[in-house]
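# Structural overview
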Amino acid sequence: MPALIAAFAADRPDEVAIVDARGSTTWREVDDRVARLRDALLGLGLRTGSTVLLMTGNERAAIEVILACMHTGLLVVPVNAHWVADEVAYVLEDTGAEAVIASDARLDVARKAMAAAGSSPVLVVVSDQDHPGAERYDDLIARSDPATEEERFGGPMFYTSGTTGRPKGVRSRLNAIGGPATDWKVIAEGIGQGIGISGPGSTLLLTGPIYHSVQWVYSFGTLLNGSTVVVQ
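Anyway, here's the lowdown on the structure attached to this text. The structure displayed is predicted, hence computed values, not measured ones.

### Section: the packing of helix α3 (residues 60-70) against helix α8 (residues 213-223)
Contact geometry for α3 and α8: axes closest at 12 Å, N-to-C directions at 70°. Looking at the two axes, α3 sits roughly perpendicular to α8. Along its contact with α3, which presents I63, I66, L67 and M70, the element α8 presents W216, F220 and L223. Class assignment for the residues of the contact of α3 with α8 results in 7 nonpolar, no polar and no charged.

See the structure below:
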C-alpha cells in the first residue's frame, strides 16, 4: 500500500478520494491504482531519478501519476497545456525524460515534440482508444501488480512561464529525490494547516490547472491529509 495514502485506504476504503468530470475514485481504488502504476513505471525501465513528462488536463489520472512518482523516486514534470511542440521538445531535451504520459487532446503535440527533439521516451496515452506506438494507461495499470520495491521520495518539478527566454525547471531543496517517501507527510501537514483545509470530511475544489505549482500544492497538501479533491 502506498505509504502516503495507506491509512485512508485502510480506515475509509469506500469513501471518495478524487472526483473529476468522468467519475470518482475511492481511497481503496486510488491505493490499488497507484500501487500498480508504480509497478508499471518500474516495468518501463524507470528508476530513482528518472523523469516523466505529464501532458494531461485536470483529471484523476494526473493525480494518480503524480502520486505514483512521489512514491517511486521519480521526477514528474506537469507540462503547461498551452505549450506547442517546440516548447515541449525543449523540455524533453532539458529533462532527458524517459516517459511521456499524455491525454488524447495532447497526444499529437507529444508526438511532434518527440520527433523534434529526436527523443524516444516511452509514450503512454490516457484514452479509451488504442493509439499505435503508445501504451494505453488503463491497460498498463490493469496488467501490473502492486509494486513491492522500496518507496523513494519523488515528486514534481515545475517550469517557469519563460517570459525571459526559455522556461526553466525549478526545484526546491525540500524535494530532493531518493529519500523516504513519507517525508511528504510532514510537508503536507504544514500545507493543510496553513490553508485550513485538512483531514476527513473536508473537500478541496481544484479549479486552476494542475500543471501550476500553486494548484498542485493546494491539491496535494490536502489530499495527503485525507481530504477529498474535486478536479474541475
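So much for the structure itself; the text now carries on.
### Here we look at the sheet that holds strand β2 (residues 23-26)
What the 4 strands build is an open sheet, ordered β2-β1-β12-β11; its pairing is mixed. Both edges of this open sheet fall to β2 and β11 (203-206), since each of them pairs with a single strand only. Ignoring strand direction, the axes of neighbouring strands in this sheet form an average angle of 15°. Of the pairings in the sheet, the one linking β11 to strand β12 (residues 228-231) comprises 4 bridges and is parallel in character. Of the residues in β12, the one forming a bridge with L205 is V230. Contacts from helix α2 (residues 27-43) reach β1 (16-20) and β2, with the element oriented near 80° to β2.

### Overview of the sheet that holds strand β3 (residues 51-55)
The strand order β7-β6-β5-β3-β4-β8 describes an open sheet built from 6 strands, whose pairing is parallel. For this open sheet the edge positions go to β7 (135-136) and β8 (155-156), each flanked by a neighbour on one side alone. Here strand β6 (residues 122-126) runs beside β7; their pairing, made up of 2 bridges, is parallel. Across the sheet, V124 pairs through a bridge with E135, a residue of β7. Against the sheet, helix α4 (residues 85-95) contacts β3, β4 (75-78) and β5 (99-103), and its axis sits at roughly 165° relative to β3.

### Re the pairing of β6
Residues in a regular strand project their side chains so that they alternate between the two faces of the sheet. For β6, the tally of buried residues reaches 4 of 5 residues, placing the bulk of the element in the interior. Across 5 bridges, β5 lies against β6 in parallel orientation. Bridged to A99 within β6 is V122. Assessed by its sense of winding, the connection that carries the chain from β5 through helix α5 (residues 104-117) to β6 is right-handed.

### Remarks on the environment of P167
Of note, P167 is situated in the loop between β9 (158-159) and β10 (169-170). Separated by 67 residues in the primary sequence, P167 and V100 have C-alpha atoms spaced 18 Å apart. For P167, the contacting residues outside a window of four places in its chain are W83, Y90, Y159, T160, S161 and G162.

### So, the nonpolar core
Counting 45 residues, the largest nonpolar core has I63, L67, M70, I101, Y137 and F220 as the members making the most contacts within it. The greatest single-element share of this core, amounting to 9 residues, is contributed by α3.

### Concerning the side chain of H71
Counting through the fold element by element, H71 comes out in the loop between α3 and β4. At 3.4 Å, the side chain of H71 and the backbone nitrogen of A3 are in polar contact. Every residue in contact with H71, bar those within four places of it in the chain, is listed here: P2, A3, L4, V34, R38, E151, R152 and A181.

### With respect to the pattern of salt bridges
Applying the stated criterion across every chain, the model contains 13 salt bridges. Between R12 and E15 there is a salt bridge whose closest N-O contact spans 3.0 Å. Note on R12: relative accessible area 11%, which makes it buried. Using a relative accessible area of 40% as the deciding quantity, one classes E15 as partly exposed. The shortest N-O distance in the salt bridge between R136 and D139 comes to 2.9 Å. Take D139: its relative accessible area is 31%, and that puts it in the partly exposed class. What you see here is one network of salt bridges that share partners, running through R33, E64 and D138.

Conventions adopted
- Residues numbered from 1 in each chain as written.
- Predicted model: local features only at pLDDT ≥ 70, side-chain atom pairs only at ≥ 80, totals over all residues.
- Heavy atoms only, no water.
- Axes fitted to C-alpha atoms, helices over the stretch in contact; angles between N-to-C directions.
- Helix = DSSP H or I, 4+ residues; strand = E, 2+ residues; numbered from the N terminus.
- Parallel < 35°, antiparallel > 145°, perpendicular 65-115°, else oblique.
- Contact = heavy atoms within 4.5 Å.
- Nonpolar A, V, L, I, M, F, W, Y, C, P; charged D, E, K, R; others polar.
- Pairing = 2+ DSSP bridges.
- Buried < 20%, exposed > 50% of the residue type's maximum accessible area, 1.4 Å probe, protein only.
- Right-handed = clockwise from strand over helix to strand, strands pointing away.
- Core = buried A, V, L, I, M, F, W, Y, C linked by side-chain atoms within 4.5 Å.
- Polar contact = N/O pair within 3.5 Å; in protein donor to acceptor, adjacent residues only side chain to side chain.
- Salt bridge = Lys/Arg side-chain N within 4 Å of Asp/Glu carboxyl O.

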